[in-house]
Amino acid sequence: MTRSDAPKVAIVMGSQSDWATMKCAAEALDKLGVAHEARIVSAHRTPQRLVDFAQGAADAGFKVIIAGAGGAAHLPGMVASMTHLPVLGVPVQSKALSGQDSLLSIVQMPAGIPVGTLAIGEPGATNAGLLAAAILATTDPALAERLKAFRAAQTDSVAERPQ
Ligand code: RP5
């Protein structure tokens, strides 16, 4: 049975080292008052944890999953293969290839199992949080108003001329 009080957004990542990036998604959701839960779920190091999380995500009450990983970043695609929930992929900036490996391994999904792929690194994580909120806002008018207010404040914060 689905928990009605459960956080609606899950933020999963392949490693503790991804949190420095993925916390930007959490911060974006916090700004909009969207409850979330963050977990380390590695496609390579904790495969059974991955299966248990992805197969149980919908029943746990999640509506959107944000998945971040770096390098050979299989996590978002594997999560998407085991749930019908929308999965937003964040390519974490790797040391060896600056995240281009992460980006290509997340974005190049075969037809049939989509992963909505964001930009490399912190901007992608922030936008994943904002996009998750926008998805939830389609059925949550109060959240839609908070999202509009956030966008308006952002617009107002941009000076017309450089200082
Ligand atoms: C991936 O390997 C993780 O998503 C992380 O970005 C990368 C490196 O992990 P660590 O070696 O820092 O744990 O699975």
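What counts as what
Numbering of residues starts from 1 in every chain and runs along the sequence as written. A pLDDT threshold of at least 70 governs which residues receive local features in this predicted model, and a stricter bar of 80 or more applies before side-chain atom pairs are shown or counted, although totals over entire chains, interfaces and linings include all residues. UniProt positions are given in the numbering used here, feature names are shortened, and annotations may be inferred rather than shown by experiment. Numbering of helices and strands starts at the N terminus; helices are DSSP runs of H or I of at least 4 residues and strands are runs of E of at least 2. Throughout, the radius of gyration refers to the C-alpha atoms, and the reference size of a globule is 2.2 Å times the residue count to the power 0.38. With C-beta atoms placed from the backbone, a residue is buried if 20 or more other C-beta atoms are within 10 Å of its own, exposed if 12 or fewer are, and partly exposed between those counts. Here the contact rule is simple: place C-beta atoms from the backbone, and any two residues whose C-beta atoms are within 7 Å are in contact. Being paired, for any two strands, means DSSP has found at least two bridges between them. A helix is expected to span 1.5 Å for every residue after the first. Only buried residues count toward a nonpolar core: Ala, Val, Leu, Ile, Met, Phe, Trp, Tyr and Cys, linked into one set through C-beta atoms within 7 Å. Between N-to-C directions, angles cover 0 to 180 degrees, with each direction set by a line fitted to C-alpha atoms, over the stretch in contact for helices. Geometric relationships in this document are graded by angle, where less than 35 degrees denotes roughly parallel, more than 145 denotes roughly antiparallel, 65 to 115 denotes roughly perpendicular, and other angles denote oblique. Each crossing gets its hand from how the near helix is turned against the far one by less than a right angle, where anticlockwise is left-handed and clockwise is right-handed. Following the grouping adopted for this structure description, the nonpolar residues are Ala, Val, Leu, Ile, Met, Phe, Trp, Tyr, Cys and Pro, the charged ones are Asp, Glu, Lys and Arg, and the polar ones are all others, Gly among them.

In the annotation of an unreviewed UniProt entry, the chain is listed under the name N5-carboxyaminoimidazole ribonucleotide mutase and assigned to Novosphingobium kunmingense. Taken from UniProt, the Function (unreviewed entry) comment for the chain reads in full: "Catalyzes the conversion of N5-carboxyaminoimidazole ribonucleotide (N5-CAIR) to 4-carboxy-5-aminoimidazole ribonucleotide (CAIR)." Of the comments in the UniProt record for the chain, the one headed Sequence similarities (unreviewed entry) reads "Belongs to the AIR carboxylase family. Class I subfamily."

Turning next to the overall build of the chain. In terms of helices and strands, the chain carries six helices and five strands. Expected size for 163 residues packed as a compact globule is a radius of gyration near 15 Å; at 16 Å, the chain falls within 12% of this value. In terms of its C-alpha atoms, the chain occupies a principal-axis envelope of roughly 50 × 45 × 30 Å. The 163 residues of the chain split such that 39% are buried. In the chain, 69% of the contacts between residues at least 6 apart in sequence involve partners at least 24 apart.

Next up on the list: the sheet that holds strand β3 (residues 64-70). Taking strand neighbours across the sheet as the criterion, the five strands line up as β2-β1-β3-β4-β5 in an open arrangement whose pairing is parallel. Across the chains shown, the open sheet's two edge strands, defined by having one partner strand only, are β2 (36-40) and β5 (116-117). Pairing analysis gives five bridges linking strand β1 (residues 9-13) to β2, with the strands arranged parallel. Counterpart to Ile11 in the pairing with β2 is Ala38.

Another aspect to go through is the UniProt feature "binding site: substrate" (unreviewed entry) in the chain. Listed under "binding site: substrate" (unreviewed entry) in the UniProt record, and renumbered for this structure, are Ser15, Asp18 and Arg45. Annotated residues spanning 31 residues; largest pairwise C-alpha distance 14.2 Å, indicating a single compact cluster. When you line up the elements, Ser15 lands in the loop between β1 and α1 (19-31). Here Ser15 falls in the partly exposed class, since 18 other C-beta atoms lie within 10 Å of it. Excluding residues within four positions of it along the chain, Ser15 makes contact with Ile40 and Ser42. Summarising the element assignment, Asp18 is placed in the loop between β1 and α1. Of the residues examined, Asp18 has 26 C-beta atoms within 10 Å and is grouped as buried. Ignoring any residue separated from it by four or fewer positions in sequence, one finds Asp18 in contact with Met13, Gly68, Ala69, Gly70 and Val92.

End to end, helix α5 (residues 122-137) covers 23 Å across 16 residues, agreeing with the expected 22 Å (1.5 Å per residue, within 8%). Within α5 the residues assigned to the buried category are Gly124, Ala125, Thr126, Ala128, Gly129, Leu130, Ala132 and Ala133.

The next thing to look at is the nonpolar core. In terms of nonpolar packing, the biggest core is built from 44 residues, with Ile11, Val12, Ala25, Ile65, Ile66 and Val79 touching the most fellow members. Among the secondary structure elements, those contributing two or more residues to this core are β1, α1, α2 (47-56), β3, α3 (75-81), β4 (87-92), α4 (100-107) and α5. When residues of this core are assigned to their parent elements, the largest contribution, six residues, is made by α1.

Another aspect to go through is the UniProt feature "domain: PurE" (unreviewed entry) in the chain. When the UniProt feature table is mapped onto this chain numbering, "domain: PurE" (unreviewed entry) sits at residues 7-158. End-to-end, the C-alpha atoms of residues 7-158 are 32 Å apart, and along that stretch the chain is 46% helix and 16% strand.

All right, on to the packing of α5 against helix α6 (residues 141-156) then. The geometry of α5 relative to α6 is characterised by a closest axis approach of 8 Å and an angle of 140° between their N-to-C directions. Classified by the angle between their axes, α5 and α6 sit oblique to one another. Of the two possible hands of crossing, α5 and α6 adopt the one that is left-handed. In this structure, α5 uses Ala133, Ala134, Leu136 and Ala137 to contact α6, whose residues at the interface are Leu143, Ala144 and Leu147. Its residues placed into classes, the contact of α5 with α6 shows seven nonpolar, no polar and no charged.

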